[in-house]
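Letter by letter, the chains look like this.
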Amino acid sequence: MKPSSKLLQITLLLISLQTTGTLGQTADQAATCKSKNSHIATAYCRLLGDEFLRKRFPDDYPLGDTLVKPLDSPIEFTEAFFDVAYDYVLTAKLKSDAYQAAANAAAQVLSTKATVPQPGANASASGSTSLVAKPTTTDLISLAAESGAFTDTVNGNTLTAKANVNGLRRYLSDENFAELNPTKAKDLLQHVTLAATFDIAQTGSTAATSTGQATSSTPTNIQSIIVPSNNLSFSGLTVSASVYRPYTPTSPGFITKWNTAIKQNSTAILTASGQLFKDYNQLVPDESRKTIYAGPAFMAALHLWKTAAGEDEKNGDFSKFVDDYITFMNALATALRSQIGTDFDQYILTVATNISNLQTVRNTVLDSARGSLATFTYSYATPTGKPATHDLTAIFGYVWKTGDQLTFNGAGSWYATIPPGAKYGRVRDYQVTGEYDHPFGKDKTSPRAIFSVAGYGQYQYTANILNITVANVVPGTDITVPSNSQVFTSTPGWLGVAQTKLSFNIGKGATIPVAVKWSNKTDLLSGSDWKGQFGFSYDLSALSSILAPK
Amino acid sequence: MALKEIPGDLSGTKGTVETIQIVPNDVATVLKIVSILYGTNAAGPVAVPVNADGKSFDLAILPGNNLLQVTLFSPNPVDGLATAQELLGGVVTILKDDIEFVGGVAVWSPEILGA
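Fair warning: this is a prediction, and the values are worked out from it, not measured in the lab.

A word on the overall build of chain A
Regarding its fold elements, chain A presents 14 helices and 14 strands. Looking at chain A as a whole, 40% of its 550 residues are labelled buried. Long-range pairs, those at least 24 residues apart, make up 70% of the contacts in chain A with a sequence separation of at least 6.

Here is the structure:
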């Protein structure tokens, strides 16, 4: 980068911090707004602060600006009355009406944002149907039941629960779904996913001590017996975080990508803005707006506000300035409620959801313009009968306009503990994988099915390791097996897997993957292996009861 | 004739075409008009095309009261303000100078009276 352009960027950054970050609102003003404990004060604080510095009320405040014409600015207006409307709708037990429908619609927008989602476990889990880890998973909560195996000789069955951290936080805190103006911290949490995988129907055995003969014919020298077990056991925990490229909003390169991303998302933008237009026009119809603005109650409230605001600005009293604006806005809300009736509160919630949708689309556009640098995943896996491992995976994905997706993974696996006397090192293996996905169906955001082909290569430094107990010893032999006993199985070197898969989307959030895989060997045997895989997953964001605030 | 602010409305001459521009209040704010919808008659709103610069549009004023909705996106991590203005015969008329971005989205929804 040339020094002059660097200097320009620094200058722009300083201008941004000076003019945008502190625009018309000092820390004292922000504290004053907060102290009012009023959403009106919070929603309009920046504009109130900006105007208080400009002091235009004593002379001639512009007729078109927000503080005298608040209905021209639906975002601030909705935010100001959202909580009151929300409480009213809940109190009136109207949850199942407009708000609920709107919340569901928002959930569907969110839950289908991933072109090729991955609700199931990663390839290292015994029953996984996904050979390649995907950069996108769920926006809220998903569950998957899968059966199959990639590198294992024996088929496994797993249950995987995934949760987007922000979705989980929102659910656990009973937070309103249609959230306006989420903080940066919440936006970061939106890119973090947690997953827990459990092995189910694992047949095994455990040793138990005999306390005596129950019949006289039983041999007296039986001290220890093997008891069959069939348990659900914890298999692994995974944390994924997506990292997006840093960007400078004013750089020509970024602006080109930004404009392209807007064009690519034009349908979603038009849908969201069209819905907002329709619903906002129901909240404040043309004729109502005209009637209210010309009505004596509003005219009187506006006159009082303008007079008081002028005095407050002259006196430098920001606190009273905010109080007077709250009084004015409450008068406007009263006028609107009397004009529109009880539907006013429901419309506020619906419009808030529309705005939330628009903000979600904007965030999608921004992520698309920035481009995902990678998604990083850490897993702690405790496969049945094998030593525990730490796995790190870097995931790179590219999505075409057609919805086709290419994904690459680079991964490493390290043993969590090395027992005394071990004949192997910390590194278990390194892996490279790639997958190409093609969606079928007219709507690429919710395809009827996704066809995938994938390849997996794993280089293993030592042969596979199996934990053994007395249950693994061939019956009839008299071998003592100390704790922490392990044996090698199969051979070190390359292990390759190829998979082809068809995932049926049988409805919003529900998926059935059916796959077949071939590998040149497995963890226990040296010969090649064919296996079928099957699963069922459901993204719970499609359930309105999950999203509905309690 | 340029659009004019009257109490509660913007006022214009029906049938005339007005060019409205949205500009950021500070140079560091990047903005783009992503959607313009206009008209509340029985036919429903029409989508008004955005000019090539992404910051202006030509609006043919409809008769009567009609809602205009201009939706803007900004990639800036810190929300800024923008101004709606009309440039006619070298004279700039400010229509609204406090269009506020919230979470990277700004919506301006004035009523326009075409008389």
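On we go.
Structural notes on the overall build of chain B
Helix and strand content of chain B: zero helices and 11 strands. Order of helices (α) and strands (β) in chain B, N terminus to C terminus: β-β-β-β-β-β-β-β-β-β-β. Counting over 115 residues, chain B shows a buried share of 50%. Sequence separation of 24 or more characterises 66% of the internal contacts of chain B that already satisfy a separation of 6 or more.

A look at the interface of chain A and chain B
On the side of chain B, 41 residues touch chain A, which itself brings 47 residues to the contact. Elements with a minimum of two residues in the side of chain A that touches chain B: α1 (3–21), α3 (39–54), α4 (74–91), α8 (252–264), α9 (266–283), α10 (286–294) and α13 (343–370) of chain A. In terms of residue class, the side of chain A that touches chain B is built from 24 nonpolar, 14 polar and nine charged.

A word on the packing of helix α11 (residues 296–315) of chain A against helix α12 (residues 318–340) of chain A
Residues and elements named next belong to chain A. At a closest axis distance of 9 Å, the pairing of α11 and α12 adopts a crossing angle of 170°. Here α12 runs roughly antiparallel to α11, going by the angle between their axes. Contacts between α11 and α12 pair A297, F298, A301, L302, W305, A308, A309, D312 and E313 from the former with K320, F321, D324, Y325, F328, A331, L332 and A335 from the latter. Partitioned by chemical class, the residues of the contact of α11 with α12 number 13 nonpolar, no polar and four charged.

Thoughts on the confidence of the model for chain B
In this model, chain B carries a mean pLDDT of 90, and residues with pLDDT of at least 70 account for 97%. Of the two predicted TM-score estimates for the complex, the pTM is 0.70 and the ipTM is 0.95.

Section: the nonpolar core
Core analysis: the biggest nonpolar cluster contains 83 residues, and Y44, Y325 and I348 of chain A together with L72 of chain B have the highest contact counts within it. In terms of residues, this core owes the most to one element, α13 of chain A, which gives 12 residues. Dropping the residues within four chain positions of it, I348 of chain A is found in contact with T78, F81, F82, A85 and L283 of chain A. Ranked by size, the runner-up nonpolar core spans 10 residues in total, among them A123, A133, A454 and Y456 of chain A.

Concerning the sheet that holds strand β3 (residues 17–24) of chain B
All names here are of chain B. Taken in spatial order, the four strands of this open sheet run β6-β3-β8-β9, and their pairing is antiparallel. Both outer strands of the open sheet, β6 (56–60) and β9 (91–100), are each paired with one neighbouring strand and no more. Pairs of neighbouring strands in the sheet enclose a mean axial angle of 25°, with direction left out of account. Sheet topology places β3 next to β6; five bridges connect them, and they run antiparallel. Among the inter-strand pairings, V17 is bridged to a residue of β6, identified as A60.

A word on the pairing of strand β1 (residues 141–148) of chain A
Residues and elements named next belong to chain A. Of all eight residues in β1, six are buried; the element is thus mostly enclosed. Pairing of β1 with strand β2 (residues 156–164), which is carried by eight bridges, proceeds in the antiparallel orientation. Its bridge partner lying in β2, I141 is registered against A163. Sheet topology note: the β1/strand β14 (residues 529–539) ladder contains six bridges and is antiparallel. Bridged to S147 within β14 is F534.

A word on the packing of α8 of chain A against α13 of chain A
Residues and elements named next belong to chain A. Contact pair α8 / α13: the axes reach a minimum separation of 8 Å and the direction vectors enclose 135°. Relative to α13, the element α8 lies oblique. Crossing handedness for the pair α8 and α13: right-handed. Facing α8, whose interface residues are F254, K257, W258, A261, I262 and Q264, α13 presents V365, S368 and A369. By residue class, the composition of the contact of α8 with α13 is six nonpolar, two polar and one charged.

The rules behind the values
Residues numbered from 1 in each chain as written. Chains lettered and ligands numbered in written order. Predicted model: local features only at pLDDT ≥ 70, side-chain atom pairs only at ≥ 80, totals over all residues. Helix = DSSP H or I, 4+ residues; strand = E, 2+ residues; numbered from the N terminus. Buried ≥ 20, exposed ≤ 12 C-beta atoms within 10 Å, placed from the backbone. Contact = placed C-beta atoms within 7 Å. Nonpolar A, V, L, I, M, F, W, Y, C, P; charged D, E, K, R; others polar. Axes fitted to C-alpha atoms, helices over the stretch in contact; angles between N-to-C directions. Parallel < 35°, antiparallel > 145°, perpendicular 65-115°, else oblique. pLDDT = per-residue confidence, 0-100. Core = buried A, V, L, I, M, F, W, Y, C linked by C-beta atoms within 7 Å. Pairing = 2+ DSSP bridges. Left-handed = near helix turned anticlockwise from the far one by under 90°.

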